[in-house]
Amino acid sequence: MKSLKVSNCGIIELCQIKDGHDGILSVAEVGKQIPFDIKRVYYIYGLEHESAIRGKHAHKEIKQVIFCINGSFTLTVDDGHQQEEIKIDKPNIGVFMDIKLWH
């Protein structure tokens with residue numbers, strides 16, 4: 001995992017298995033690319049406006065990884081001391097967010 005200047009987070013890169021004309025496969029496994037047990041998966045789609053703002057919160061106990069499988073968005077993370085904006089625009093690149101990290 002590549003570190004960022006903000007604590008409690010980092011970049012996760014999944015491998016891309018290119019299968020010719022049949023697309024690209026990426027795999028995320030607990031204990032390998034994902035540094036915690038996965039309890040649920042959720043995704044957002046159908047936003048009406050490009051300027052939609054989601055999040056604006058932190059979790060006391062939940063760790064998460066966020067990916068953008070289509071399109072792009074800018075993720076802002078804040079550890080209380082530093083803030084960083086990360087453009088997420090590749091489906092195999094995600095951001096790990098540990099507990100107590102505003103996003």
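Structural notes, computed from the coordinates.

Quick notes on the rules
- Residues numbered from 1 in each chain as written.
- Predicted model: local features only at pLDDT ≥ 70, side-chain atom pairs only at ≥ 80, totals over all residues.
- Heavy atoms only, no water.
- 1 Å grid on protein atoms, 1.4 Å probe; cavity = no way out; pocket = protein on both sides within 12 Å on 5 of 7 lines; lining within 4 Å.
- Points joined across faces, edges and corners; volume = space filled by probe spheres on them.
- Helix = DSSP H or I, 4+ residues; strand = E, 2+ residues; numbered from the N terminus.
- Nonpolar A, V, L, I, M, F, W, Y, C, P; charged D, E, K, R; others polar.
- Core = buried A, V, L, I, M, F, W, Y, C linked by side-chain atoms within 4.5 Å.
- Buried < 20%, exposed > 50% of the residue type's maximum accessible area, 1.4 Å probe, protein only.
- Contact = heavy atoms within 4.5 Å.
- Polar contact = N/O pair within 3.5 Å; in protein donor to acceptor, adjacent residues only side chain to side chain.
- Pairing = 2+ DSSP bridges.

## What about the layout of surface pockets?
What the largest pocket holds in volume is close to 2,000 Å³. Taken together, 49 residues line the largest pocket, and the ones lying closest to its centre are Y42, I44, I66, F67 and F73. Breaking the lining of the largest pocket down by element, the ones donating at least two residues are strand 5 (64–67) and strand 6 (73–78). If you tally residues by element for the lining of the largest pocket, the top one is strand 6, at 5 residues. Split into classes, the residues belonging to the lining of the largest pocket amount to 25 nonpolar, 14 polar and 10 charged.

## Notes on the nonpolar core
By size, the foremost hydrophobic cluster in this structure holds 12 residues: L4, V6, C9, I11, C68, L75, V77, I86, I88, V95, M97 and L101. Apart from residues no more than four positions distant in its own chain, I86 is found in contact with L4, I11, F73, T74, L75, V77 and V95. Counting residues in hydrophobic clusters, the runner-up holds 5 residues, among them I12, L14, I34 and F36.

## Details of the side chain of Q64
Locating Q64 in the fold gives a position in strand 5. Within the structure, the side chain of Q64 is placed 3.3 Å from the side chain of H59, a separation counted as a polar contact.

## Examining the sheet that holds strand 2 (residues 9–13)
The sheet built from 4 strands is open, its strands ordered 1-2-8-5 with antiparallel pairing. The open sheet has two edge strands, strand 1 (2–3) and strand 5, and neither has a second partner. Relative to strand 8 (residues 93–97), strand 2 is paired through 5 bridges, and the arrangement is antiparallel. Paired with I12 across the bridge in strand 8 is G94.

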